[in-house]
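Each chain, letter by letter, is given below.
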Amino acid sequence: MATIPELMQANLLEVFNERDAERRRAAVARTYVPDVEFSDPEGTVTGHEAVDEKARDLLDRSPGFVFTPDGPVRVARDLGHLAWGFGPEGEPPVVRGMDIALVKDGLIARLYTLLLTD
């Protein structure tokens, strides 16, 4: 069973940072419950296919951009938090945000993405 820090890293780097569709779908299957709810400023989607589609669409709209962790994963009981940056590889991020996840039985059940603005 994965730890909350491992799940948070997998969410950011193996799902939302993964451009290879097959590897991304495999990461989705091992990171989230089947009926995961993912909410961001655009709305809420449910399920593995919807999360995979969100990641694919974001990456397709942002060629050359990568996610990078912006600090350690923080854990409080069944919640994980990870701040991140998103931008051209090797350059300062153009967007900053954070993911907050509710973990149940070793998988992410709910995921919330917040965008940080200056």
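For the structure itself, look to the data block above.
A few points on the structure. Bear in mind the structure is a predicted one, so any value in this text is a computation, not a measurement.

1. Describing helix 1 (residues 4–15)
Look at helix 1: 15 Å from first C-alpha to last across 12 residues, which is about the 16 Å you get at 1.5 Å a residue. Among all positions in helix 1, only Ile4, Leu7, Met8, Ala10, Asn11, Leu12 and Val15 are buried.

2. Some remarks on unusual backbone geometry
With a phi angle near 55°, Arg77 is a residue other than glycine that sits in the positive phi range. Here Arg77 lies in the loop between strand 4 (74–76) and strand 5 (79–88). Despite not being glycine, Asp105 has its phi angle at roughly 50°, a positive value. Considering the arrangement of structural elements, one finds Asp105 in the loop between strand 6 (95–104) and strand 7 (107–116). The class for Asp105 is exposed, based on a relative accessible area of 75%.

3. Considering the environment of Glu18
Looking at where Glu18 falls in the secondary structure, it is placed in the loop between helix 1 and helix 2 (21–31). For Glu18, a relative accessible area of 16% translates into the label buried. Residues Glu18 and Ala55 lie 37 residues apart in sequence; the distance between their C-alpha atoms is 8.1 Å. Aside from chain neighbours lying at most four places away, what touches Glu18 is Leu13, Arg23, Arg24 and Leu59. A distance of 2.9 Å separates a polar side-chain atom of Glu18 from the backbone nitrogen of Asp20. At a separation of 3.2 Å, a polar atom in the side chain of Glu18 contacts the side chain of Arg23.

Parameters and conventions
- Residues numbered from 1 in each chain as written.
- Predicted model: local features only at pLDDT ≥ 70, side-chain atom pairs only at ≥ 80, totals over all residues.
- Heavy atoms only, no water.
- Helix = DSSP H or I, 4+ residues; strand = E, 2+ residues; numbered from the N terminus.
- Expected span 1.5 Å × (residues − 1).
- Buried < 20%, exposed > 50% of the residue type's maximum accessible area, 1.4 Å probe, protein only.
- Contact = heavy atoms within 4.5 Å.
- Polar contact = N/O pair within 3.5 Å; in protein donor to acceptor, adjacent residues only side chain to side chain.

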